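Inside the fold
Okay, here's what each chain looks like letter by letter:
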Amino acid sequence: VSTQSTGRRRPLQVQVQKDVQDLSAMVFRVLELSINPEQSQKIFRSSIGDTIRLDRCPELRGIAVEILGTDPLGAPLTLTQQQCSVVFTIHSAGPYTITWQHGLGGGQGASVSTVTVLADPQLTFNTPETPKGNVDGVKSVANVLDIDQIAAQSHLTKCCGPVREWEETFRIAVDSGYNTIHLTPIQELGVSRSSYSLHSHLTLSPSLQLTANSYEDQVSELAESLVELHNKTGLFFLTDVVWNHASICNRDILEHPESYYNLHNTPNLIPAYLIDRSIHQFGLGIRSISEIKDDDLFQSRLRNHLFSTSQTLEQLYKIDVDEVFDVKEHQNVAPYETVTWEGKELQDTIRDLWSVDYTNPCSAGRLDLALLRQFLLTRNITSDCEQNEKMRSAINHFNEMHVPALVRDIIDSVVKSVCGAAKYRFLDADGPKLNVGDVPLVDRYFHISDVTFDEELTLDVYRKSDADRIKTSNGWTNGGSISDMNTTMAYTRREVVIWVDSVKLRYGSCKEDSPWLWDYMTKYTRDMARVFQGFRIDNCHNTPLHVGAELLRAARHVRSGLYVVAELFTGDETRDCEIINKMGISSCVRELSQAHSPQHLGELIYHYGGSKPCGSFDQTVLSHHHGNLGEVYMLPSRPHAMLMDHTHDNPCPLDNHPLHNMLAVSGLMCAAKCSIGSNRGYDEVIPHHVNVVTEERKYQQSVGDSELALVPAKRALIRLHKWLEDNNFSETFVDQATRDLVIVTRHNPNSYQKVLVAIATCWSNDCHGNSCHIVHLKEVRAGVEFLLETELEETDLTYNPSDVYLTGCSRVTAVVRETQSKMLNWTRQKQNYLQLSFTIPPGGVVAVLVKPPDSTGLYDLHTLCTPLHDENRLIQELEDQCSNLTLCDLNYVLYRCEEEETGYGCGGVYHVPKYGNLPYAGIVGFLHVLDEIRKTNDTRHPLCTNICERWWAMDYTIMRMKTRGLPLGYYLEKLKNMSNVPGYMRPKYFDLIIRSVYQACVSRALSLVPPVGGVPYRETEDTRFIEALILTSLQLVGKVGNTGIPVSPAEEGSVVSMAAGLPHFSHGFIRCWGRDTFIALPGLLIATGRLQEARDLVVGFARTLRYGLIPNLLSQRGHKPRYNCRDAAWWWCRSVILLHEHLPSLLSQPVHRMFYPETDAQVTAQHPYVCTVLHTLLEVLHRHAAGVNFREEGAGPALDEHLHDAGFEVSVGVDPRTGFVRGGTRHNCGTWMDKVGSSWDAGNKGIPATPRDGSAIELVALGYQVVKWVSELYQSGEVSCSGVTNWCGKAREVRFGEWAGMIRDNFEEEFWCEEGYYRDTVGSELNTDKKLRPNQTFAMVVAPDLFEEARLTIALETVGTKLAGGLGMATLSPDDPEYEPFYNKSDRNCNYRTAHGFNYHQGPEWVWCMGFYLRAKLADLLRQADRNDGGGLDGRGVAQYFATVLAPHRAMIANTPYRGLTELTNKDGEYCPGSCPTQAWSSACILEFLVEWRTCRFAADQ
């Protein structure tokens, strides 16, 4: 049944399924403060009543940050501290500016960052404030209007008639469904009768016919009238505010010359005026249209005419050399100390420092001599004579070359502009086709009242009385800004579209520059805020930011919920965001009629017609800390739009497109989730432009019994727009189904219903046939309900204009159907899928509701993010599923890189088409990608596309769990089966499931880890960082086959191994490195309470002891380990010492040795050798004391293709005099700095880059720690052995205590050097002992009693100054001639020092070294505090220092895909492409420091 609408406005008769719990209500909205300057250019929207919590980004946690804020009224914001965050409440609409200072800017002093939270207003007549002059005692309706519910219609005030008739004037707007009226300025207009050229800002238009006499009373009368009108019609009201200009005859402004731009107060406009005058003079000589048609001749004549002007410009722009050297004018250099000149040339510097000063008629271009001198100082030009000569020469060259080029460029721009403007005025078919001689050639940029042109030529632009009279007209630029007239060249280059009837107002940089204008405009603005619920800012992007912000602040003092809308023509969304944030603009006008293609229409709806796409990710914070549940992250959004089918200042849409397209554009607009609007006359189909300047007729006040043109259709569409908003269809998807058919989907994320609005555009007259399209709905058993459709029935554009009223095309009619559709059919397909078939005529619009059959399962899934943790069944069930997981299970569930996964017999990590492999096969592999998607709601990401197609990613995850035999896999399958959702919703719920599983796993993992360092848990800035480091223990320690660790048959499959790093060192013999394992073991296993795993690794490597050494690399089953490192045995001994504190039984643990201690031969099955951990440790001491020399087994290219033959000869021992551990030769490298060259071309193949032979400082300290500890065990009776009996190959008994004393007595003498640090080695063959490296800090931590405290403090200062980098410690001092801080293993150059990564340890910054440096620093600070008469430690200052140093570590572990700390970086923390993304000792050593620091702070608190 087809029914034509007859004006009735019934609500849509559709029952919307009840929403599930709205999880965004009553929770914190979390905004993370970032040091990224781009955050200040983003828009973060909120609503009145929201509670905002400001969290710090990982880099800022623990750092002193001073946070300040201002509210929309400019008042200080009340900020409440909540644990580690700051909280405030949104109490009114507008911008909340948050500013914070921190010390991470990279320069001296604090860095300042800002972010703006923009609170959306609600239109209401009931304001909480009633200041003097506001409306009192008038009954008003208490309804409010959210900004997405706004449907506005623009009216020219001068066409509305008297206020008393406005109810009838706006009747058509009300009947069409609009709820807001936008009025052009209500002030008295100037002589041009333009709606935006105001004769006085403080005089209301006589056309309003208000009865009051005074201006104040008229404002009150108008306010009361609008309240009354609102009570009758429900309409809200907006008006334009005009701040940039006034009519050239504005009597108020003209009395105050300082309030408008003229040549006196803005002398840099003098060139623009001289050009303008010259052009006008040229135009007076044009007599016929033929002179303009000949383009080449016209341009040539114009250039010749401008020649004398160009010469004048050159004189103005040239630098006066003699004046530049007037020293009295340029004395101050101090303020410029922070200027950087890197990469600058002298001519570029002069151009940057050059300016033009017209305050003196005799002065020309000026130059800042102080800055120029500073630049020359940076180029080592120090003498005054040399500087002066250099500058004079450079300035003369600048005058001769740059200035003429600048002027030529200006003239070229002027000629192009004038030619284009003249053609448009006199020749173009789309132009006004004026008569030559009747009007000027082009509009003038400057206006002088009551002066003939001959008299104008006599004016002196440097005389105040004359310069004041030369007023600058206002205008606009497309994509640029002319808000700062002191710097813009737009007027000089003729780039402004000028308004000849208006003068541009000058506010200056502050109120003191133009106090009268500021007061005048402030009163005008406040008065308009008394009357109207919102403003449209005219010419907004050319309004100075500080002016707009201050005037809006004044308006918000009157009306706190002020709605502010503006058109911005910057062409740059970043610039738009800056203006929006500064002023607090609620919506930006976007006009659909200006689209350039049907596809562009769809793009406009996609970009501006909804803040969230369908299937948007849930931003709820999920955390294993129960107190953090239910909080919602704030995401940046695009500027909120007021989407309009047509605006009042653009030509009629019928000029470019058929009538049918007007209805289609309205349909697209009403399908969007944003404010919407139109222009009066669009719905009535007035077939011409209602011109804001020339139109004087009145709008039609009554339509009788018939409904005009598009009014019935617009009513239905606006009602649909309101219904969609009221029922929370908040997510949008735009599908350009065909060239002419656009389908907009509006989705309700809580009820899972969606509305499809299909629109057939009609871009050109060749659109005659219907648009047909089939949509397949993937929701099984979904229901469909027809909502409405509309199309044009009669399209006769016959027009009978009236001299009195603005009338439309009366023969155009639209039909609306709301019961049965002619454009839509639907059928059931196989498996109960639905098929929708659209057949839509040009301009037609149809809307249909799709309802899922059952959303119970989705509701359960959705509650994964509920804040009510204890009442959430699913979360509780998830935690139950994880409650029996072991740490090794968690390693499998969360992590596993490609090689680990395939080594375990699985199929590898998940591959995302068009993206690549994920870092891990486990949950964390997905987590990083999902986090990045969630930050921008990027539902078009390849992973989302993959999940939309099918549940492949979930099936993969379930399969992995089931393969391991984990019940969690079956539970995930249950969750998957719950989520019978269309494809575009799957990524959202996959994210929810993955995040929830992750949090449950993390909770389980942390429950298995005792309090770190024995300190009770409490929420601090370090907590999340420490927990992230603890999780790297899960990440890097697990059960992986084929690692080379020797185990007994009974232990097969039960012993874990530690990866040195992932993914580089993940499997096979390269997974477990002796050195790396025992450097990392104290942090990753002992500190985290994983003592059993630590014991297994200690015992496992003890089995491999040979020659008194622990191998660095193991082979298959450990049968052929390689004994080429001298330090692994000592790091192993240190691990034994530390683990013994927690496991006293460790020393008696049996060790089934692989090699006999006496002969180093391999143990046979017939003659096994079993000892204890203690005996193994003592063997290390005995073998070193006696000395060992051997050639590596299997020496040759098969073992190491790069090493020279002499490098396979290994020797270790002790120095008989000092007791120092020593070993190695120039041909090998037995410590952690073990890089061997591999480039024939560069000549470094086979050469150790850092042999560190002799006595390496950290090995001396480790040896001292061990012998001292064993001596103490002997004295306590725990060890029966008192010392060694073979000393350097001779029979001599040396007790352990004596050995320790030898080391202690000789250490300072041998290692200290007067340059203020400790030698890296003693006794090296290549005389490299005095290299400044970070290894001395290892010794300071391991054996602090070896050092003199005063010297240790000095050395730490030197090390910190020279070596401390972004995340790690430089491995060589920058002062060293061999320093090369940029590592690239793939570098195939011929540079000896860097080829094939030869500089691995010659400058790049290693992260694990930072942990030892910080521990040494902390210990030294504690010692200093003890010496300071018991004054204690400056806890706050020290905490800030450590937090600042660790800021990049927090950021890295939180943001990198592998969720760990990298192996190394290049200089200053720069990314190193060859670095392993997560390295065991990097995380372990930083964690060890944090354990000590946390313990220290806890003790201080106690």
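Structure first, text after, so check above.
This report concerns the structure included in the present document. (Residues numbered from 1 in each chain as written. Predicted model: local features only at pLDDT ≥ 70, side-chain atom pairs only at ≥ 80, totals over all residues. Heavy atoms only, no water.)

**Thoughts on the overall build of the protein**
- Scanning the protein for helices and strands turns up 41 helices and 57 strands.
- Of the accessible surface of the protein, which amounts to about 57900 Å², a share of 49% is contributed by carbon and sulfur atoms. (Helix = DSSP H or I, 4+ residues; strand = E, 2+ residues; numbered from the N terminus. Areas by Shrake-Rupley, 256 points an atom, 1.4 Å probe, with all protein chains shown as cover.)

**Focus: helix 38 (residues 1349-1363)**
- When the terminal C-alpha atoms of helix 38 are compared, their 20 Å separation across 15 residues agrees well with the 21 Å that a helix rising 1.5 Å per residue should span.
- Among the residues of helix 38, those classed as buried are L1352, A1355, L1356, T1358, V1359, G1360 and L1363.
- Looking at the packing, one finds that the buried side of helix 38 touches strand 51 (1312-1313), strand 52 (1317-1318), helix 37 (1335-1342), strand 54 (1369-1370) and helix 39 (1407-1427). (Expected span 1.5 Å × (residues − 1). Buried < 20%, exposed > 50% of the residue type's maximum accessible area, 1.4 Å probe, protein only. Contact = heavy atoms within 4.5 Å.)

**Overview of the packing of helix 37 against helix 39**
- It is the contact of helix 37 with helix 39, at a shortest axis distance of 8 Å, that shows an interaxial angle of 50 degrees. It follows from the interaxial angle that helix 37 and helix 39 lie oblique. Like other packed secondary-structure pairs, helix 37 and helix 39 cross with a definite hand, here left-handed. In this structure, helix 37 uses T1337, F1338, M1340 and V1341 to contact helix 39, whose residues at the interface are W1408, C1409, F1412, Y1413, R1415 and A1416.
- Each residue belonging to the contact of helix 37 with helix 39 can be placed in one class, and the counts come to eight nonpolar, one polar and one charged. (Axes fitted to C-alpha atoms, helices over the stretch in contact; angles between N-to-C directions. Parallel < 35°, antiparallel > 145°, perpendicular 65-115°, else oblique. Left-handed = near helix turned anticlockwise from the far one by under 90°. Nonpolar A, V, L, I, M, F, W, Y, C, P; charged D, E, K, R; others polar.)

**As for the sheet that holds strand 21 (residues 563-566)**
- With parallel pairing, eight strands are arranged side by side around a closed barrel as 11-12-13-20-21-22-25-26. Neighbour-to-neighbour, the strand axes of this sheet turn through a mean angle of 30 degrees, independent of strand direction.
- Relative to strand 22 (residues 587-591), strand 21 is paired through two bridges, and the arrangement is parallel. By the bridge assignment for strand 22, A566 is matched with C588. (Pairing = 2+ DSSP bridges.)

**What to know about the sheet that holds strand 31 (residues 771-777)**
- If you trace the three strands from one edge of the open sheet to the other, you get 31-36-35, paired in antiparallel fashion. What marks the edges here is a single partner per strand, and that holds for strand 31 and strand 35 (824-828). Along the sheet, successive strands turn relative to each other by an average axial angle of 15 degrees, direction set aside.

**Points about the packing of helix 26 (residues 942-949) against helix 29 (residues 986-1007)**
- One way to put it is that helix 26 packs onto helix 29 with a least axis distance of 8 Å and a crossing angle of 105 degrees. On the basis of their axis angle, the class for helix 26 and helix 29 is roughly perpendicular. In contact with C944, I947, C948 and E949 of helix 26, helix 29 contributes R986, P987 and F990.
- The residue inventory of the contact of helix 26 with helix 29, partitioned by class, reads five nonpolar, no polar and two charged.

**Quick notes on the pairing of strand 12 (residues 180-183)**
- Because side chains alternate across strand 12, one face comprises the buried residues T180 and H182, and the other comprises I181 and L183, equally buried.
- Looking at chain direction, strand 12 and strand 13 (residues 236-241) are connected through four bridges and run parallel. Residue pairing for strand 13: I181 is matched across the bridge by F237.
- What joins strand 12 to strand 13 is helix 3 (residues 215-233), and the crossover it makes is right-handed. (Right-handed = clockwise from strand over helix to strand, strands pointing away.)

**Thoughts on the side chain of D1320**
- Counting through the fold element by element, D1320 comes out in the loop between strand 52 and strand 53 (1321-1322).
- Given a relative accessible area of 4%, D1320 falls into the buried group.
- Of note is the side chain of D1320, whose polar atom sits 2.8 Å from the side chain of N1335.
- Ignoring sequence-local partners within four residues, the contact set of D1320 consists of R1252, S1255, A1256, I1257, F1311, D1329, K1331, R1333 and N1335. (Polar contact = N/O pair within 3.5 Å; in protein donor to acceptor, adjacent residues only side chain to side chain.)

**Concerning unusual backbone geometry**
- A cis geometry characterises the amide bond from L1062 onward to P1063, with omega recorded as 0 degrees.
- Locating P1063 in the fold gives a position in the loop between strand 42 (1061-1062) and helix 31 (1074-1086).
- The backbone of A709 shows a phi angle near 45 degrees, a positive value even though the residue is not glycine.
- Located in the positive-phi region is R1459, a residue other than glycine, with phi close to 55 degrees.
- Among the secondary structure elements, R1459 is positioned in the loop between helix 40 (1435-1455) and strand 56 (1464-1465).

**With respect to the environment of V1236**
- Within the fold, V1236 resides in the loop between strand 47 (1221-1223) and strand 48 (1255-1256).
- Its relative accessible area of 15% is what places V1236 among the buried residues.
- In this structure, the C-alpha to C-alpha distance between V1236 and T1250, residues 14 residues apart in sequence, is 8.1 Å.
- In contact with V1236, not counting residues within four places along its chain, are H1202, L1203, C1229, G1246, I1247 and P1248.

**Remarks on the pattern of salt bridges**
- Following the criterion strictly, the structure yields 87 salt bridges and no others.
- E696 serves as the salt-bridge partner of K158, at 3.7 Å between the closest nitrogen and oxygen. In this pair, K158 sits in the loop between strand 11 (151-155) and helix 1 (166-169) while E696 sits in the loop between strand 26 (675-679) and strand 27 (698-699), placing the two residues 538 residues apart along the sequence.
- Looking at K158, the relative accessible area reads 5%, which means it is buried.
- Note on E696: relative accessible area 35%, which makes it partly exposed.
- Between E228 and K232 there is a salt bridge; the shortest N-O distance is 3.6 Å. Of this pair, E228 and K232 both sit in helix 3, four residues apart, which is roughly one turn of the helix.
- On the accessibility criterion, E228 (43% relative accessible area) is partly exposed. (Salt bridge = Lys/Arg side-chain N within 4 Å of Asp/Glu carboxyl O.)

**Brief notes about the packing of aromatic side chains**
- If you walk through the whole model with that rule in mind, you get 48 aromatic pairs.
- Ring centres of Y910 and F926 lie 5.5 Å apart, and the angle between their planes is 45 degrees; on these two criteria the pair is classed as tilted. With a gap of 16 residues between them, Y910 in the loop between helix 24 (898-903) and strand 38 (911-912) and F926 in helix 25 (residues 923-936) connect regions that are remote in the sequence. Here the two residues Y910 and F926 agree in accessibility, since each one is buried.
- With a centroid separation of 6.2 Å and an interplanar angle of 75 degrees, the aromatic rings of W1406 and W1481 are classed as edge-to-face. Residue W1406 is found in strand 55 (residues 1405-1406), and its partner W1481 is found in helix 41 (residues 1480-1501); the two are separated by 75 residues along the sequence.
- What links up through ring pairs into an aromatic cluster is the set W1131, W1232, F1338, Y1383, Y1400, W1406, W1408, F1412 and W1481.
- Lying over the aromatic face of Y445, R494 brings its terminal NZ or CZ to 3.8 Å of the ring centre.
- Positioned above the aromatic ring of Y892 is the side chain of R960, whose terminal nitrogen or guanidinium carbon lies 4.1 Å from the ring centre. (Phe/Tyr/Trp six-rings, centres within 6.5 Å; stacked < 30°, edge-to-face > 60°. Lys NZ or Arg CZ within 6 Å of the ring centre and 35° of its normal.)

**So, the pairing of strand 19 (residues 497-504)**
- Alignment of strand 14 (residues 245-247) against strand 19, held across three bridges, turns out to be antiparallel. Of the residues in strand 19, the one forming a bridge with H245 is K504.
- Both strand 18 (residues 471-476) and strand 19 contribute to a ladder of four bridges, which runs antiparallel. Bridging across to strand 19, N474 finds its partner in W499.

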